[in-house]
Amino acid sequence: MNIKKLLYESFDRKLSKDESLDLNSELEKNHDLNKEKNDITYVREMVLNSGRKEFSPDFEYELMRKINSPAGKGNYQYVFFNSLNTAFKRLAFATIIFIILTLTYNFGRIGNISFQSAFGIKQQTTSFADDFKNLFSFYN
Amino acid sequence: MSIEIELENLSDMDLVLKSVSGDQAAFSIIVQRHKSKIASTVFGMLGESMEAEDIGHEVFIRFYNSMGNFKGESALSTYLTRIAINLSLNELKRRKKNIFKSFFNLTPAEIFNDISRKSMNDYEAKEVVDKCISQLSPKLRSVVILRLMDQYSTEETAEILNVPVGTVLSRLARGQKILKELLTPYRYDK
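Criteria and thresholds
Residues numbered from 1 in each chain as written. Chains lettered and ligands numbered in written order. Predicted model: local features only at pLDDT ≥ 70, side-chain atom pairs only at ≥ 80, totals over all residues. Helix = DSSP H or I, 4+ residues; strand = E, 2+ residues; numbered from the N terminus. Buried ≥ 20, exposed ≤ 12 C-beta atoms within 10 Å, placed from the backbone. Contact = placed C-beta atoms within 7 Å. Domains from an automatic or database assignment. Core = buried A, V, L, I, M, F, W, Y, C linked by C-beta atoms within 7 Å. Arc of directions from axis to C-beta. Axes fitted to C-alpha atoms, helices over the stretch in contact; angles between N-to-C directions. Parallel < 35°, antiparallel > 145°, perpendicular 65-115°, else oblique. Left-handed = near helix turned anticlockwise from the far one by under 90°. pLDDT = per-residue confidence, 0-100.

## Concerning the overall build of chain A
Here is step 1: On a plain count of helices and strands, chain A comes out with seven helices and zero strands.
Here is step 2: Starting at the N terminus and walking to the C terminus, you meet the elements of chain A as α-α-α-α-α-α-α.
Here is step 3: Of all 140 residues assigned to chain A, the portion counted as buried reaches 9%.
Here is step 4: Considering only contacts in chain A between residues 6 or more positions apart, those separated by 24 or more positions represent 22%.

## Focus on the overall build of chain B
Here is step 1: Helix and strand counts for chain B come out as eleven helices and zero strands.
Here is step 2: Start at the N end of chain B and walk to the C end: the helices and strands fall as α-α-α-α-α-α-α-α-α-α-α.
Here is step 3: Across chain B, every contact between residues at least 6 apart in sequence was considered, and the portion connecting residues at least 24 apart equals 61%.

## A closer look at the domain arrangement of chain B
Residue and element names in this part refer to chain B.
Here is step 1: For chain B, the assigned domains are domain 1 (1-100) and domain 2 (101-190).
Here is step 2: With 16 residues of domain 1 in contact, the opposing surface of domain 2 contributes 15 residues.
Here is step 3: Elements that contribute at least two residues to the side of domain 1 that touches domain 2 include exactly α3 (24-46) and α5 (76-97).
Here is step 4: By residue number, the principal contributor to the side of domain 1 that touches domain 2 is α5, which donates six residues.

## Some points on the nonpolar core
Here is step 1: Residues Val-47 of chain A together with Val-42, Val-59, Leu-80, Ala-84, Val-143 and Val-144 of chain B are the most contacted members of the largest nonpolar core, which totals 53 residues.
Here is step 2: Leave out the neighbours within four places in its chain, and Val-143 of chain B touches Thr-157, Leu-161, Val-168, Arg-171, Leu-172 and Gly-175 of chain B.

## Comments concerning the interface of chain B and chain A
Here is step 1: Between chain B and chain A, the contact holds 34 residues from the first and 28 residues from the second.
Here is step 2: Those elements that place two or more of their residues in the side of chain B that touches chain A are α3, α4 (50-65), α8 (125-133), α9 (138-149) and α11 (165-189) of chain B.
Here is step 3: A total of nine residues in the side of chain B that touches chain A trace back to one element, the largest contributor, which is α11 of chain B.

## A closer look at helix α2 (residues 12-20) of chain B
Each full turn of the α-helix corresponds to 3.6 residues, which orients residues three or four apart in the same direction.
Residue and element names in this part refer to chain B.
Here is step 1: Every buried residue of α2 is accounted for by Leu-15, Val-16 and Ser-19. The buried residues of α2 all sit within an arc of 105° when viewed along its axis, so they share a single face.
Here is step 2: Among the residues trailing α2, Gly-22 stands out with phi positive, at a value near 100°.

## Side note on unusual backbone geometry
All names here are of chain B.
Here is step 1: The phi dihedral of Gln-151 is positive, around 60°, even though this residue is not glycine.
Here is step 2: Looking at where Gln-151 falls in the secondary structure, it is placed in the loop between α9 and α10 (154-161).
Here is step 3: At Asn-162, a residue that is not glycine, the phi angle is positive and equals roughly 60°.
Here is step 4: With respect to the helices, strands and loops of the structure, Asn-162 is situated in the loop between α10 and α11.

## What about the packing of α9 of chain B against α10 of chain B?
All names here are of chain B.
Here is step 1: Between α9 and α10, the least distance of the axes is 9 Å, while the angle of their chain directions is 135°. In this view, α9 runs oblique relative to α10, as classed from their interaxial angle. In the packing of α9 onto α10, the handedness of the crossing is right-handed. In this structure, α9 uses Ser-142, Val-143, Leu-146 and Arg-147 to contact α10, whose residues at the interface are Thr-154, Thr-157, Ile-160 and Leu-161.

## Some remarks on the confidence of the model for chain A
Here is step 1: Taken as a whole, chain A shows an average pLDDT of 81; of its residues, 76% reach a score of 70 or greater.
Here is step 2: Mean pLDDT in chain A bottoms out at helix α7 (residues 126-137) of chain A, which sits at 66, and peaks at helix α2 (residues 17-29) of chain A, which reaches 92.

## Regarding the packing of helix α3 (residues 31-50) of chain A against α8 of chain B
Here is step 1: Relative to each other, α3 of chain A and α8 of chain B sit at 105°, their axes nearing to 9 Å. In terms of orientation, α3 of chain A and α8 of chain B fall into the roughly perpendicular class. Residue-level contacts link Met-46, Val-47 and Ser-50 of chain A of α3 of chain A to Ala-125, Lys-126, Val-129 and Asp-130 of chain B of α8 of chain B.

## Overview of the environment of Arg-174 of chain B
Here is step 1: Within the fold, Arg-174 of chain B resides in helix α11.
Here is step 2: Taking the C-alpha atoms as reference points, Arg-174 of chain B and Val-144 of chain B, separated by 30 residues in sequence, lie 9.8 Å from one another.

## A few points about the environment of Thr-81 of chain B
Residue and element names in this part refer to chain B.
Here is step 1: Along the chain, Thr-81 turns up in helix α5.
Here is step 2: With 14 residues separating them along the chain, Thr-81 and Met-67 place their C-alpha atoms 15 Å apart.
Here is step 3: Setting aside residues no more than four positions away along its own chain, Thr-81 makes contact with Lys-37, Ile-38, Thr-41 and Ile-160.

## Brief notes about the confidence of the model for chain B
Residue and element names in this part refer to chain B.
Here is step 1: When the pLDDT values of chain B are averaged, the result is 83; 81% of them are 70 or greater.
Here is step 2: Predicted confidence for residues 101-106 stays below pLDDT 50, and this span has one contact to residues more than four positions away or in other chains.
Here is step 3: Every residue in residues 115-119 is under pLDDT 50, and counting partners more than four places away or in other chains gives three contacts.
Here is step 4: Here the prediction assigns the complex a pTM of 0.70, and the interface score ipTM is 0.76.

What follows is the structure in structure tokens.
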């Protein structure tokens, strides 16, 4: 096994007898490995000593207040309507974005700002009427 | 008063059973017993922030609402820490998704990058470690917090994170290598 890997693992698991012998003999002759061991020990001490933070003094009071509120008590009706409200907000936001994009696209495509262009309705031209006239003239 | 002392002598499992039957005093003892460990985990994962306290509340609220499912197969502290880790990881994901982050609201990691080695001496060692830990990915961070800060055994850490012991060992090694790179210059500059 890689000796450095063994060194790191020696802090967090019990090494076998052979592994301990290998690591110790390497530590005796390898200065860099020794330095690495000291550095790891330093890092671990720093992390350990940096812990132990506490919540604010009114943590428990606030917790019990939340627990006794409708949402905290596992009121499923409240949770359901709350989720529905959130889902609706997202749907409404997506719809607004869709409408804005559609209007922008239609205005750009048709080239003017009007009620018809907003919905992608092209202005009817006489050529369109002529097409109809020609179509019916076939039957005459 | 005597009832409270009586409750304090009960085991975690007995307190859970009492809490399930609606005894909020028993639940309060559970909170008192485990809040320090949860605080250490949550603050370690998220740093000192407003959200950390809310996540702490959420841990106990989730447990309160699902106490009936707790069968005592693992220690209560392990069970609560697992909830705390999962909620903290969700919060980290949410923070990552927040693309509307203000340019003026730098994360500790960004602040840390701007600090020269010289000015780093002015910082409290705790703050330096916090900033270094915040540079780790959530996966490495959770292992470092549980094993090195909260002092869970390697096996307990694996159980909380639901990963094999080998994964914990390799993540610990990677996490410590990164922390070593970040912290040792501070050590030799002191």
